[in-house]
Amino acid sequence: MLKALIVYGTRYGAAARTAGDMAETLRREGLSVEVVDLKKAQVADISEYELVIVGSGIQINKWTSEPQKFLKKFQKELAKKKVALFVCCGSAAPIDDKVDKAKSIADAKRKYLEEKAAEYHLQPVALGLFGGIYNFNKTPWLFGRFMQAVKPQLEKAAVPQTEPGIYDTRDLNAIRNWAKELAQIARLSV
Ligand SMILES: Cc1cc2nc3c(=O)[nH]c(=O)nc-3n(C[C@H](O)[C@H](O)[C@H](O)COP(=O)(O)O)c2cc1C
């Protein structure tokens, strides 16, 4: 059975939910999958995995620190494996209707994924750019004003609340399709 590892760092929950959604699809595709929240646990060894997926949420243009430490720690081994990167971010699914969506997505892909891959000298088999979560139950006071500005845009864009105070802009089908394609790539011998 092919083995996949998904590691992630999250602040508001989007990368965690996305990792869980990916794992579900990969398992349905016949892979054995381990999921690790790097803020809660560490990974000592990746030698047993054929596929490694590394993801993060984005805040003020930055990944969380833990998956970056993971990329640094395993940089050499990852260069020889099938690696995929993903991020969850507002720019993937802009809620402000004045924003140029195609440009926002292209810029985010370059800044958050392509430049991150280059930073760690990786050639990922896939890059996943997914929407984010706006969590009004977990906002640090520092970002209170930012979140208050976001709220009317979320309402106007009719973004669904998955729980009271949690607005999820992710496209579950896009995440599942991405994971399904990754399962096919994992099965290829080279
Ligand atoms: C304070 C704050 C700053 C953010 N900055 C960015 C940003 O620079 N670029 C972006 O695309 N999304 C930004 N977002 C949206 C987040 O990427 C989104 O909330 C995402 O779900 C974060 O991932 P996580 O839920 O896994 O932590 C920001 C959100 C907050 C609350």
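Residues numbered from 1 in each chain as written. Predicted model: local features only at pLDDT ≥ 70, side-chain atom pairs only at ≥ 80, totals over all residues. Heavy atoms only, no water.

Caption draft 1: Spotlight on helix α5 (residues 144–156). Counted at 1.5 Å a residue, the expected span for α5 with its 13 residues is 18 Å, and the 19 Å between its end C-alpha atoms agrees. For α5, the principal kink sits at Val150 and spans about 25°; a proline, Pro152, occurs within the next four residues. What α5 keeps buried is the set Met147, Val150 and Leu154. Buried residues in α5 make contact with β6 (133–135) and β8 (166–168). (Helix = DSSP H or I, 4+ residues; strand = E, 2+ residues; numbered from the N terminus. Expected span 1.5 Å × (residues − 1). Bend = angle between axes of the 7 residues up to and from the residue. Buried < 20%, exposed > 50% of the residue type's maximum accessible area, 1.4 Å probe, protein only. Contact = heavy atoms within 4.5 Å.)

Caption draft 2: Structural detail: the pairing of strand β4 (residues 82–88). In terms of residue burial, β4 counts as a mostly covered element, since seven of its seven residues are buried. Residues Lys82, Ala84, Phe86 and Cys88 of β4 are buried on one face, and the alternating residues Val83, Leu85 and Val87, pointing to the opposite face, are buried as well. Note that strand β3 (residues 51–57) and β4 share seven bridges and pair parallel. Directly across from Leu51, in β4, lies its bridge partner Lys82. As judged from the five bridges shared by β4 and strand β5 (residues 126–130), these two strands associate in the parallel manner. Within the sheet, the bridge partner assigned to Cys88 lies in β5 and is Phe130. Between β4 and its parallel partner β5, the chain crosses via helix α4 (residues 101–119), and the hand of that crossover is right-handed. (Pairing = 2+ DSSP bridges. Right-handed = clockwise from strand over helix to strand, strands pointing away.)

Caption draft 3: The arrangement of the nonpolar core in detail. Judged by nonpolar contacts, the single largest core of 27 residues is most densely connected at Leu5, Val43, Phe70 and Leu78. Looking at this core, the elements with two or more residues in it are β1 (3–9), β3, α2 (65–73), β4 and α4. The element that contributes the greatest number of residues to this core is α4, accounting for four residues. Beyond its immediate chain neighbours, meaning those up to four positions away, Phe70 contacts Leu5, Val7, Leu38, Val43, Ile46, Val52, Val54 and Leu78. (Core = buried A, V, L, I, M, F, W, Y, C linked by side-chain atoms within 4.5 Å.)

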